[in-house]
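# Notes for the structure review
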Amino acid sequence: MSENNKLARYAAIFEDIKAGEIMSSNVVEISADKKIAHAKELMKIKKISGMPVVDEKKQLIGIISIEDIIHAFEFNKINDPIHRIMSTQVVTIHKDDSLADVVDKFENYKYGRFPVVDDDKRVCGIISKEDILHGILEKFNLIYIHDQKRTSTLNTEYSAITGEKLKVEEAEFHYQIDSSDIDAAGTGAAMLKQFLTGKNFHSDIVRRVGVATYEAETNVVIHSRGQGDIYFYQHEDRFIVRVVDNGIGIEDLDKAMKEGYSTAPDYIRERGFGAGMGIANMKRFADKLVIISEKKVGTQVEMIFYLPTQTWPLI
Amino acid sequence: MIKVRDIVALLEAEVLSGESKLDEEVKSVGASDMISDILALTQPGMMVLTGYTYPQVIRTALVTDLLGLIVVRGKNIAPETIAYARENNFLLLRTRSYLYSSCGKIYATGLRGSDVGK
């Protein structure tokens, strides 16, 4: 499945997201009467490959790209005003456009990003494919299946949800999952729960962490055919749990997400597992959940649990 | 208010572990043999009827803050399961009554499941 098809599939699920919610709003724009050389400098400093061009009323009238600048160099026009060489056929997105509209733009045009405008045609942001993914992850408990091109996301030290650094050696709790012993499944989650209970956190969040981690851990034991680890981090207002494995990955995410669907073999079911509720339970108990999985590379589950405000220490 | 000891009497159950909890209040009751269901559906203060006796069930129950488990149909329970429950002072009962009958008897006392009152 191509990246665009995948986006189209998700667009239907996340119809109510507006372009304005997912765009990057710190967009660099330039006036049409400035010199091309000026645009070149700005793009170099900001490390960008194109910029929206605006008139004196700040309305969008064009776009200038690196190609346009190369062209200007070739014909010795680098000191001409921008409006002479910019493209005026600009495809824009309105800030109230739905995610589906945004995805359509990526489907129908070959551009990597689109300027976002308001009712007065003023530029208020810019959207790239990355923004779409980040927007969705920010807003929802999304499960995101990985594709080959983005291998950098799996097993990195950065949170897939918040982008903050999560160093393995800085985890406050670590448990190495023994995938060979089905009877030991859940031991890590039980230990993590005990660890948190000992620190006097609110019993509700401790229970939620316990259950969601239990499901993630048993998934590693039952399905991954690989080795796994549980890492726990406490940041000011939240707990972050990461369960990673180097196993076979999730074959069909749509099915895996469906309640009651399970690929567990009979001997596993006899032991009370394989109800097909694993991912559903993780979603139910975590505040945010991202599952990144790639065939033959592994699966990474990241969950965030927000601490209830009343447990903050009174100063 | 229904206490654990009322359930013990009602089902003529053996107390295999967690004797100190006999006077605790039972807030709701459920029944399942699937671990994920137990994880999903239980609430703190709940007792769960099950036919599932692997040690895993105790670990599951501890993770979910379950009040206790009632093993039905007088099933054999692995010594490891009982030992694990005792180690954690976890309430573990066993009754000869079958799952359906056990549920019926408890339901008749007025206790409800986690789907009622939501």
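So, how was this worked out
Residues numbered from 1 in each chain as written. Chains lettered and ligands numbered in written order. Predicted model: local features only at pLDDT ≥ 70, side-chain atom pairs only at ≥ 80, totals over all residues. Buried ≥ 20, exposed ≤ 12 C-beta atoms within 10 Å, placed from the backbone. Helix = DSSP H or I, 4+ residues; strand = E, 2+ residues; numbered from the N terminus. Contact = placed C-beta atoms within 7 Å. Pairing = 2+ DSSP bridges. Axes fitted to C-alpha atoms, helices over the stretch in contact; angles between N-to-C directions. Parallel < 35°, antiparallel > 145°, perpendicular 65-115°, else oblique. Left-handed = near helix turned anticlockwise from the far one by under 90°. Nonpolar A, V, L, I, M, F, W, Y, C, P; charged D, E, K, R; others polar. pLDDT = per-residue confidence, 0-100.

### Quick word on helix α3 (residues 56–63) of chain B
With 8 of 8 residues buried, α3(B) is to be regarded as a mostly interior element. What α3(B) keeps buried is the set B:Gln56, B:Val57, B:Ile58, B:Arg59, B:Thr60, B:Ala61, B:Leu62 and B:Val63. Where α3(B) is buried, its residues touch α7 (187–197) and α8 (203–224) of chain A together with α2 (35–41), β3 (46–50), β4 (68–71) and α4 (79–87) of chain B. Of the residues trailing α3(B), B:Asp65 is marked for its positive phi of about 60°.

### A look at the pairing of strand β10 (residues 288–294) of chain A
Residues and elements named next belong to chain A. The element β10 is largely enclosed, with a buried count of 7 among its 7 residues. Both β10 and strand β11 (residues 298–306) contribute to a ladder of 7 bridges, which runs antiparallel. Pairing of Ser293 across the sheet is with Thr299, part of β11. Between β10 and β11, which pair antiparallel in sequence order, lie 3 residues; one of them, Lys296, sits at a positive phi of approximately 65°.

### So, the packing of α8(A) against helix α11 (residues 278–285) of chain A
All names here are of chain A. Relative to each other, α8 and α11 sit at 155°, their axes nearing to 9 Å. As the angle between them shows, α8 and α11 are arranged roughly antiparallel. For α8 against α11, the interelement crossing comes out left-handed. On the side of α8, the interface is formed by Arg208, Val211, Ala212, Glu215, Ala216, Thr218 and Asn219, while α11 contributes Gly278, Asn281, Met282 and Phe285. The residue makeup of the contact of α8 with α11, split by class, is 5 nonpolar, 4 polar and 2 charged.

### Focus: the sheet that holds strand β5 (residues 91–94) of chain B
Residue and element names in this part refer to chain B. In space, the 5 strands of this open sheet follow the order β1-β5-β4-β3-β2, with mixed pairing throughout. The open sheet has two edge strands with one neighbour each: β1 (14–17) and β2 (28–31). On average, each strand axis in the sheet is inclined to that of its neighbour by 25°, with strand direction left out of account. Against the sheet, α4 touches β1 and β5, its axis set at about 75° to β1.

### Topic: the packing of helix α3 (residues 36–46) of chain A against helix α4 (residues 66–74) of chain A
All names here are of chain A. At a closest axis distance of 10 Å, the pairing of α3 and α4 adopts a crossing angle of 135°. Comparing the axis directions of α3 and α4 gives the class oblique. In terms of crossing hand, the pair formed by α3 and α4 is left-handed. Facing α3, whose interface residues are Ile36, Ala39, Lys40 and Met43, α4 presents Ile66, Ile69 and Ala72. When the residues that make up the contact of α3 with α4 are grouped by side-chain class, the tally is 6 nonpolar, no polar and 1 charged.

### A look at the interface of chain A and chain B
Each partner contributes residues to the interface: chain A has 21 residues there, and chain B has 18 residues. Elements represented by at least two residues in the side of chain A that touches chain B include exactly α7, α8 and α11 of chain A. With 6 residues, α8(A) is the largest single contributor of residues to the side of chain A that touches chain B. Looking at the side of chain A that touches chain B residue by residue, the classes come out as 8 nonpolar, 7 polar and 6 charged.

### Thoughts on the confidence of the model for chain B
For chain B, the average pLDDT comes to 92, and 98% of its residues sit at 70 or higher. Interface confidence in the predicted complex, given as ipTM, is 0.81; pTM for the same model is 0.64.

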